[in-house]
Amino acid sequence: MERRLLRRAGYVAGGLVVVAGAVVALRNTDTPTEQEPPPPTPIQTIVKEFVNDSALAPKPGNRPERPADLSVLPGPHRLQVTWAAKTPGYEVQLRGEGGVIRNQLIADNAVQFDGLEDTVEYQVEVRAVDSFGQRSDPSVIRKRPSDNRPDESRYALVDHFDGDVVPDPARWRLANNAACARMSRGVGDDSHRLMISAACGNESVALRSRTPLQLKDNGGELGRLMIETDCPPRDGELLFDLVPGPADLIDSGLPPGTVRVKITPDSVTLPGAEPVAIPRRTGLSSRWELVLRTDGLSLWRDGTKVASSGFVPTWTSATPLFGFAGPPNGLSYIGVDAIGLSSAETPAFVPPPRISATNAGKATRTELMSGVLGGQLRMTVRTTLREPMEPFTVEIAGRSFPARPAVDGHVFAPTYRFPIVADLPADALVLSGDRRELRITVRGANPNISPVVQHADLELIPDPAGKPAPDQAEPPSEPAERPRLVLASLNTTFLDAAGRKIENNELSSRGRVVLEVTAEGLAMHAGLAGIEVFVDAQRIVGIPTNKDGPGVAGQWRIALNSAAFPPGPHNVEVKAISTDPNVPPGYTTTTWSIPR
């Protein structure tokens, strides 16, 4: 009897388990469950050697020789290092008192270390890096920075950007399209420099000197100006513009009488003269000096004259603009070490408010600026409309004021940036909203058409009897950040068996061809783990480039058997992989056509 009861209890317990399971199953059917997201796809930082039957990949050879002719030029808080170029890349290490403090991969034969202590001796080690990441033995040199500067006695105003306020707003204003750039004291390695960071497409930004350049005959020399900077970058430009009027930002449609000097990495152009070729020195700061004389102009780099012209300006006072144009991707990070002018009569400065060039309607809260007698509103406008624009007017708080070209005789033309100015009385300086900004609307001859305001700034006239409110000025910019490292850029070329370029990638016959892949650059780069080649999305080659450490740049010739592919066009993609998971891959694509 007892055994029968125990058996029945077991059946009941089993039934409870079944029922409980059914309840859980029903609950799972009726109630959605939270599934864990799939793990993220691992970021590729390694390229494994791979070659399929249709290709033949190159192999590493002997390790490269150590760099020759290593030299160091010291400067204030910096060392400029150069050597003879023989390989596609280099690894440069800077050792201080605590060991390695900087380690850089570059594709040029020059590098500049900034932000150093003038009293410390540093050791520089340079290793050549070939296309497969093989390293040479290091070339080594020791040096300490020097606080000696070139003679600056001919400049009445010199700014080394090492004061308490960098940049000094009483001296420098930055003009750019719709706030695409900013300037500030550098941080970290760039702490002793003025840094300008820009993402402005293919258009320049301008550093305006509030101190005009005044020409005075001093033994035949009328005046001079100087800038020490690492601009121009590769595929960029450095511009000296002397504008005889209150302009902030100009274009290739120059105002009448403007002196423009254009400096590229390979040439310089002065007014009235043909371009002159110069040795390329990207990545290093150079001191550029423009000298104006009664018999013409001359341009000097680091104390050596590089170009001259018989052009003599007719004006006696001009606004100096230092223009910076970045590479095609529009991203610039520019270091400025010094600027000098032969005149030093800087106007009194009142911090201007933020300016909003939008028709925002009537503000709920307004107030007049204090401590000023009026001001000059300097604007740069542009439109693609081919309609009459002049005369311009500017509206502020329901009132309209005339605006004129910044330089007499300058005629407005569509697509070009055009500088205009408007003189404003004190009662027109109405600050609106919680941000206490000056809201403006610029109109053309047709009041229904408004040009785009690319940039606006306000030069204020201080009231000797009063002080401006301390919080009515525009807040300073955040420190400019150095852009992230990227991989060297990729290019591809198809060659025939004799090494000749195949035009339009169209093969004349089936057989062996060579795909030449080049990764090149001049600035610092992220480490290269390797390259992969795909034909119609199928991987056919993988070449590691980190034999002794990350690669930098290089060239690889891959033999392809075109007979292994069907006739017709094929997509070819080359992918570069970084050793750094935070650096996106590089790509280049092309098409080749195989005959029947």
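For the structure, check the block above.
Residues numbered from 1 in each chain as written. Predicted model: local features only at pLDDT ≥ 70, side-chain atom pairs only at ≥ 80, totals over all residues. Heavy atoms only, no water.

J.: In this structure, what is going on with the sheet that holds strand E8 (residues 122-129)? I would like to understand it.
T.: Backbone-to-backbone hydrogen bonds join strands into a sheet, with any given pair of strands oriented parallel or antiparallel. Spatially, 4 strands are ordered E6-E5-E8-E9 in an open sheet, and the strand pairing comes out antiparallel. Lying at the two open borders of the sheet, with one neighbouring strand each, are strand E6 (99-106) and strand E9 (139-143). Strand after strand, the sheet turns through a mean of 20 degrees between neighbouring axes, direction not considered. Pairing between strand E5 (residues 89-96) and E6: 7 bridges, direction antiparallel. The partner of glutamine 93 across the bridge, within E6, is asparagine 103. (Pairing = 2+ DSSP bridges. Helix = DSSP H or I, 4+ residues; strand = E, 2+ residues; numbered from the N terminus. Axes fitted to C-alpha atoms, helices over the stretch in contact; angles between N-to-C directions.)

J.: What exactly am I supposed to notice about the pairing of strand E29 (residues 392-396) here?
T.: Two faces, one strand: in a regular strand the side chains alternate between the faces of the sheet. Going residue by residue along E29, you find Phe392, Val394 and Ile396 tucked away on one face and Thr393 and Glu395 left uncovered on the opposite face. Looking at chain direction, E29 and strand E30 (residues 399-405) are connected through 5 bridges and run antiparallel. When the sheet's bridge partners are listed, threonine 393 is paired in E30 with proline 402. The sheet contact formed by E29 and strand E34 (residues 441-443) spans 3 bridges and is antiparallel. Along E34, the bridge assignment pairs valine 394 with valine 442. (Buried < 20%, exposed > 50% of the residue type's maximum accessible area, 1.4 Å probe, protein only.)

J.: So what exactly am I meant to see when it comes to the layout of surface pockets here?
T.: Take a probe with the size of a water molecule and roll it over the atoms, and the empty space left behind shows itself. A volume near 1400 Å³ is recorded for the largest pocket. Around the largest pocket, the lining comprises 43 residues; the ones closest to its centre are Pro233, Pro483, Leu522, Ala523 and Met524. Listing elements by their share of the lining of the largest pocket, those giving two or more residues are E6, strand E7 (110-114) and strand E25 (331-341). Residue contributions to the lining of the largest pocket peak at 5 residues, all from E7. Grouping the amino acids of the lining of the largest pocket by side-chain chemistry returns 21 nonpolar, 10 polar and 12 charged. (1 Å grid on protein atoms, 1.4 Å probe; cavity = no way out; pocket = protein on both sides within 12 Å on 5 of 7 lines; lining within 4 Å. Points joined across faces, edges and corners; volume = space filled by probe spheres on them. Nonpolar A, V, L, I, M, F, W, Y, C, P; charged D, E, K, R; others polar.)

J.: What is the right way to read the side chain of glutamate 203 from this model?
T.: Residue position: glutamate 203 is located in the loop between strand E13 (194-199) and strand E14 (205-209). Looking at glutamate 203, its side chain comes within polar contact range of the side chain of asparagine 177, at 2.2 Å. Within the structure, the side chain of glutamate 203 is placed 2.7 Å from the side chain of arginine 382, a separation counted as a polar contact. Each residue touching glutamate 203, except ones within four places of it in the same chain, is listed here: Asn177, Asp251, Phe324, Arg382, Arg417 and Gln454. (Polar contact = N/O pair within 3.5 Å; in protein donor to acceptor, adjacent residues only side chain to side chain. Contact = heavy atoms within 4.5 Å.)

J.: Got a minute to help me understand the pattern of salt bridges in this structure?
T.: Between side chains of opposite charge, pairing is possible as soon as their charged atoms come close. Per the counting criterion, the structure on display carries 44 salt bridges. A salt bridge links arginine 171 to aspartate 159, with the nearest nitrogen and oxygen atoms 3.3 Å apart. Here aspartate 159 lies in strand E10 (residues 157-159) and arginine 171 lies in the loop between E10 and strand E11 (172-175), a separation of 12 residues in the sequence. The exposure class of arginine 171 is partly exposed, given its relative accessible area of 26%. Put simply, Arg78, Asp114, Glu152, Asp190, Arg193, Glu228, Asp230, Arg287 and Asp337 are held in one network by salt bridges that share partners. (Salt bridge = Lys/Arg side-chain N within 4 Å of Asp/Glu carboxyl O.)

J.: It is not clear to me how the side chain of glutamine 454 should be interpreted in this structure. Could you clarify?
T.: Inspection of the secondary structure assignment puts glutamine 454 in strand E35 (residues 452-462). Look at glutamine 454 and you get buried, because its relative accessible area is 12%. Within the local environment of glutamine 454, its side chain forms a polar contact with the side chain of asparagine 177, the two groups lying 3.4 Å apart. Here arginine 382 takes part through its side chain, which lies 2.5 Å from a polar atom of the side chain of glutamine 454. In this view, glutamine 454 contacts Asn176, Asn177, Ala178, Glu203, Thr380, Val381, Arg382 and Arg417; residues no more than four positions away in its chain are not counted.

J.: Is there a simple way to think about the packing of aromatic side chains in this case?
T.: Given two aromatic rings, their pairing is described by the distance between the two centres and the angle made by the two planes. Under the defined criterion, the tally for this structure stands at 8 aromatic pairs. With 5.2 Å between their ring centres and 70 degrees between their planes, tryptophan 83 and tyrosine 90 make a pair best called edge-to-face. Tyrosine 90 shares its class with tryptophan 83; the two are buried. An angle of 70 degrees between the planes, with centres 5.6 Å apart, marks the rings of phenylalanine 240 and phenylalanine 322 as edge-to-face. You can see phenylalanine 240 sitting in strand E17 (residues 237-243) and its partner phenylalanine 322 sitting in strand E24 (residues 317-325), a full 82 residues away along the chain. Considered together, phenylalanine 240 and phenylalanine 322 belong to a single accessibility category, that of buried residues. Above the plane of the ring of phenylalanine 50 lies arginine 539, whose end atom (NZ or CZ) is 4.4 Å from the centre. (Phe/Tyr/Trp six-rings, centres within 6.5 Å; stacked < 30°, edge-to-face > 60°. Lys NZ or Arg CZ within 6 Å of the ring centre and 35° of its normal.)

J.: So what exactly am I meant to see when it comes to empty space enclosed by the protein here?
T.: This structure, assessed with the given rule, holds 4 cavities of 30 Å³ or more. Empty space within the largest cavity amounts to approximately 80 Å³. For the lining of the largest cavity, the per-class residue count stands at 6 nonpolar, 4 polar and 3 charged. A volume near 60 Å³ is recorded for the second largest cavity.

J.: Please explain the state of the cysteines as it appears in this structure.
T.: Every disulfide links exactly two cysteines, by a covalent bond between their sulfur atoms. In this structure the tally under the stated criterion is 1 disulfide. Disulfide pairing is shown between cysteine 180 and cysteine 200; the S-S distance is 1.9 Å. Judged by the torsion about the S-S bond (100 degrees), the cysteine 180/cysteine 200 disulfide is right-handed. With a gap of 20 residues between them, cysteine 180 in the loop between E11 and strand E12 (181-185) and cysteine 200 in the loop between E13 and E14 connect regions that are remote in the sequence. Classification of cysteine 200 as buried rests on a relative accessible area of 12%. Its sulfur unpaired, cysteine 231 is 12 Å from the next cysteine sulfur, which belongs to cysteine 200. Residue class for cysteine 231 comes out buried when judged on its relative accessible area of 3%. (Disulfide = S-S within 2.5 Å.)

J.: What's the story with the environment of threonine 319 in this structure? I'm lost.
T.: Examined against the element boundaries, threonine 319 turns out to sit in strand E24. Once the C-alpha coordinates of threonine 319 and glycine 236 are considered, the two residues, 83 residues apart in sequence, prove to be 23 Å apart. If we skip the residues at most four places from it in the chain, threonine 319 touches Arg208, Ser209, Asp241, Leu242, Val243, Gly245, Pro246, Ala247 and Arg378. Polar side-chain contacts of threonine 319 include one of 2.7 Å to the backbone oxygen of glycine 245.

J.: So what exactly am I meant to see when it comes to unusual backbone geometry here?
T.: With the exception of glycine, the majority of residues adopt a negative phi angle, and the majority of peptide bonds are in the trans configuration. Here the amide bond leading from cysteine 231 into proline 232 is cis, since omega sits at 10 degrees, within 30 degrees of zero. Looking at the element boundaries, proline 232 is found in the loop between strand E16 (221-229) and E17. The omega torsion across glutamate 390 and proline 391 is 5 degrees, close enough to zero to call that bond cis. One can find proline 391 in the loop between strand E28 (372-382) and E29.

J.: What am I meant to see in the environment of glutamate 221 here?
T.: Relative to the elements of secondary structure, glutamate 221 occurs in strand E16. When the C-alpha positions of glutamate 221 and valine 291 are compared, they lie 7.5 Å apart, and in sequence the two are 70 residues distant. Filtering out sequence-adjacent residues up to four positions away, glutamate 221 remains in contact with Arg154, Lys216, Val291, Leu292 and Arg293. Of the polar contacts made by the side chain of glutamate 221, one reaches the side chain of arginine 224; its length is 2.9 Å.

Purely geometric stuff here, so don't read any function into it on its own.
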